[in-house]
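Residue strings, one per chain:
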Amino acid sequence: MTVSETTAAVGVQALRPHAEDAFAQELKALAAADDRPRPARWMLSPWAVATYLLGGALPDGTVITPKYVGPRRLVEVAVTTLATDRALLLLGVPGTAKTWVSEHLAAAVSGDSTLLVQGTAGTPEEAVRYGWNYAQLLAHGPSRDALVPSPLMRAMSDGMTARIEELTRIPADVQDSLITILSEKTLPVPELGQEVQAVRGFNVIATANDRDRGVNELSSALRRRFNTVVLPLPATPEAEVDIVSRRVDQIGRSLDLPAAPDGTAEIRRVVTVFRELRDGVTADGRTKLKSPSGTLSTAEAISVVTNGLALAAHFGDGVLRPGDVAAGILGAVVRDPAADRVVWQEYLETVVRERDGWKDFYRACREVSA
């Protein structure tokens, strides 16, 4: 019994359900309405997978909520890649929904998003290939019973989609162990004189960014094994406000936060601050700004607003106000206490202070910055 099955069996609601569990009804409705050709072992056709990510309405009236707000062509290219023998690399700055998209792609394609390798500076080769149950190994020697398959090995055996998070954080020598898997679709097990061959349906989705410290560049040999799709930051303020609003609503419901009046005005204010500091210029293009060291991503805006809603619900009147988001914005902007604080103070005094309708926000930010 899996962890998810155990959780369901005892009636405990997961804090953050896997995509295939959280959106099970939508996936079921799509599967029922999907009459298009499906690649081997895919739960849905490529068209239905794209519809699941981008949203739409089915003939029976079922509304599929958007999981990703962005260029449709990018999603189509990503889905099509998974239908070939090429692995998919989702590339972008932090906070561009790479992990979110990879999880939902795996859920829609294979019905299981949990075959995951988390990349870190300490990720060992065993996490990509296989390990050993040392009690079994010492007692009986190398055998299939003693072998502990990695998520990639399990995906190869079952024709599933495996995920690798933060590929560029994995040491270069461990990265290179992927080359044979991705090119030959086989994983040798020399200790047993055997190999595991990937069955149809197997593929890999990796995510990476080149903005963080501790990045290990991909070798040209490994990069050639991937089709790369670059996920951009939201193109317009309206798109970013829509993304933040949707995710905050989903997270609020999952955390049982009391329903709050429409907080779009404060969400728009948070998005405006993040975009202006991120772009180094005000929205009207008149004032050049210094940018802080952080990324000020959409994901961070979602976090700031969610925390603000929790403050408003538990320590306020339930209405999202400037004082609820000011501290979160300060924490997101000022990562380097010396340099970033100067950037923030200049922005407050030259932009926020003079902006019509922002006096209450200016006072709240001054109060938490003092």
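Structure shown above.
None of the values given here were measured: they were computed from a predicted structure.

Parameters and conventions
Once a new chain begins, its residue numbering starts again from 1 and follows that chain's sequence as written. At least 70 in pLDDT is required for a residue's local features to be given in this predicted model, at least 80 for side-chain atom pairs to be given and counted, and no such filter applies to totals for whole chains, interfaces and linings, which use all residues. Side-chain calculation: all heavy atoms of the structure are included, whereas hydrogens and water are not. Secondary structure elements follow DSSP: runs of H or I no shorter than four residues count as helices, runs of E no shorter than two count as strands, and numbering proceeds from the N terminus. Every radius of gyration here is taken over C-alpha atoms, with the globule rule written as 2.2 Å times N^0.38, N being the number of residues. For every residue, the accessible area obtained with a 1.4 Å probe (protein chains only) is divided by the maximum for its type, and the residue is called buried under 20%, exposed over 50%, and partly exposed between those limits. All accessible-area figures derive from a Shrake-Rupley calculation using a 1.4 Å probe, and residue coverage is judged against the displayed protein chains alone. By definition here, a helix of n residues has an expected span of 1.5 Å times n minus one. By the convention used here, residues are in contact when the closest approach between their heavy atoms is within 4.5 Å. What is meant by a nonpolar core is a set of buried Ala, Val, Leu, Ile, Met, Phe, Trp, Tyr and Cys residues, joined one to another through side-chain atoms within 4.5 Å. We define a polar contact as two N or O atoms separated by no more than 3.5 Å, with the added condition that, inside protein, one atom must be a possible hydrogen donor and the other a possible acceptor, whereas residues neighbouring each other in sequence contribute only through side-chain atom pairs. Note: two strands are recorded as paired if DSSP finds a minimum of 2 bridges between them. Angles shown run from 0 to 180 degrees and are taken between the N-to-C directions of axes, each axis being a line fitted to C-alpha atoms and, for helices, limited to the stretch in contact. Here, a salt bridge means any side-chain nitrogen of Lys or Arg that lies within 4 Å of a carboxyl oxygen of Asp or Glu.

> Is there a simple way to explain the overall build of the protein in this structure?
Along its length, the protein carries 18 helices and eleven strands. In terms of C-alpha radius of gyration, the protein reaches 23 Å, essentially the compact-globule figure of 21 Å for 370 residues. Principal-axis analysis of the C-alpha atoms gives the protein an extent of 70 × 50 × 40 Å. Within the protein, the fraction of its 370 residues that count as buried is 46%. Within the structure as shown, the protein displays about 18100 Å² of accessible surface, and the carbon and sulfur contribution to it stands at 53%.

> What am I meant to see in helix H16 (residues 322-333) here?
In an α-helix, one full turn covers 3.6 residues, which means residues spaced three or four apart are oriented alike. Helix length check: H16, at twelve residues, gives a terminal C-alpha distance of 16 Å against a target of 16 Å (1.5 Å per residue), a fit within 8%. By the burial criterion, the buried members of H16 are Pro322, Asp324, Val325, Ala326, Ile329, Leu330, Ala332 and Val333. Tucked inside the fold, the buried residues of H16 contact helix H14 (264-279), helix H15 (298-315), helix H17 (339-352) and helix H18 (359-369).

> Before we go on, may I ask you to explain the nonpolar core in this structure?
Nonpolar side chains in soluble globular proteins tend to be buried together. By size, the foremost hydrophobic cluster in this structure holds 37 residues, and its most contacted members are Val273, Phe274, Ile329 and Trp344. Looking at this core, the elements with two or more residues in it are helix H13 (237-254), H14, H15, H16, H17 and H18. Once you skip the residues sitting within four places of it in the chain, tryptophan 344 turns out to touch Val273, Leu277, Ile329, Leu330, Val333, Val334, Cys365 and Ser369. By size, the runner-up hydrophobic cluster in this structure holds 35 residues, among which are Ala87, Val117, Met156 and Ile170.

> Which parts of the structure should I look at to understand the environment of aspartate 317?
With respect to the helices and strands, aspartate 317 occurs in the loop between H15 and H16. A distance of 3.0 Å separates the side chain of aspartate 317 from the backbone nitrogen of valine 319, its partner in a polar contact. Of note is the side chain of aspartate 317, whose polar atom sits 2.6 Å from the side chain of arginine 321.

> Looking at this structure, how should I read unusual backbone geometry?
Leave glycine aside and you will find that most residues have negative phi; peptide bonds, for their part, are mostly trans. The phi angle at alanine 97 is positive, at roughly 75 degrees, despite the residue not being glycine. Structurally, the position occupied by alanine 97 is in the loop between strand S3 (87-91) and helix H6 (98-110). On the basis of relative accessibility, which here comes to 27%, the residue alanine 97 falls in the partly exposed class. Despite not being glycine, leucine 296 has its phi angle at roughly 50 degrees, a positive value. Among the secondary structure elements, leucine 296 is positioned in the loop between H14 and H15.

> Would you mind going over the sheet that holds strand S11 (residues 226-230) with me for this structure?
Within the open sheet, the five strands sit side by side as S4-S7-S10-S3-S11. Their pairing is parallel. Two strands bound the open sheet, and with one partner strand each, they are strand S4 (116-118) and S11. Strand-to-strand twist in this sheet, taken as the mean axis angle between neighbours without regard to direction, amounts to 20 degrees. Along the sheet, helix H5 (residues 72-82) contacts S3, strand S10 (203-208) and S11; its crossing angle with S11, the most-contacted strand, is approximately 165 degrees. Running over the sheet, helix H9 (residues 151-158) touches S4, strand S7 (161-165) and S10 and is turned about 160 degrees from S7.

> Would you mind going over the pattern of salt bridges with me for this structure?
Any two side chains of opposite charge can pair, so long as their charged atoms come close to each other. In this structure the tally under the stated criterion is 19 salt bridges. A salt bridge links glutamate 240 to arginine 278, with the nearest nitrogen and oxygen atoms 3.0 Å apart. Taken together, the residues glutamate 240 in helix H13 and arginine 278 in helix H14 connect sequence positions 38 residues apart. Each member of the pair, glutamate 240 as well as arginine 278, is classed as buried. Taking the shortest distance from any N to any O, the salt bridge between glutamate 346 and lysine 290 comes out at 3.5 Å. Placement of glutamate 346 in helix H17 and of lysine 290 in the loop between H14 and H15 is noted, with a sequence separation of 56 residues between them. For lysine 290, a relative accessible area of 48% translates into the label partly exposed.

> Looking at this model, I keep getting lost on H6. Mind explaining?
Taking 1.5 Å as the rise per residue, H6 with 13 residues should run 18 Å; its terminal C-alpha atoms sit 18 Å apart, in good agreement. Most of H6 sits inside the fold, with twelve of its 13 residues counted as buried. Buried within H6 we find Lys98, Trp100, Val101, Ser102, Glu103, His104, Leu105, Ala106, Ala107, Ala108, Val109 and Ser110. The positive-phi residue at the C-terminal boundary of H6 is glycine 111, with phi of around 75 degrees.

> What should I look at first to understand the side chain of glutamate 103 in this one?
As for its placement among the helices and strands, glutamate 103 is situated in helix H6. By relative accessible area, which is 3% here, glutamate 103 ends up buried. Apart from the residues within four sequence positions on either side, glutamate 103 is in contact with Arg16, Pro17, His18, Ala19, Ser113 and Arg163.

> Help me out: how do you make sense of the environment of alanine 332 in this one?
With respect to the helices, strands and loops of the structure, alanine 332 is situated in helix H16. For the pair alanine 332 and glutamate 240, spaced 92 residues apart in the sequence, the C-alpha separation amounts to 17 Å. For alanine 332, the residues in contact, after removing those within four places along its chain, are Phe274, Leu296 and Val304.

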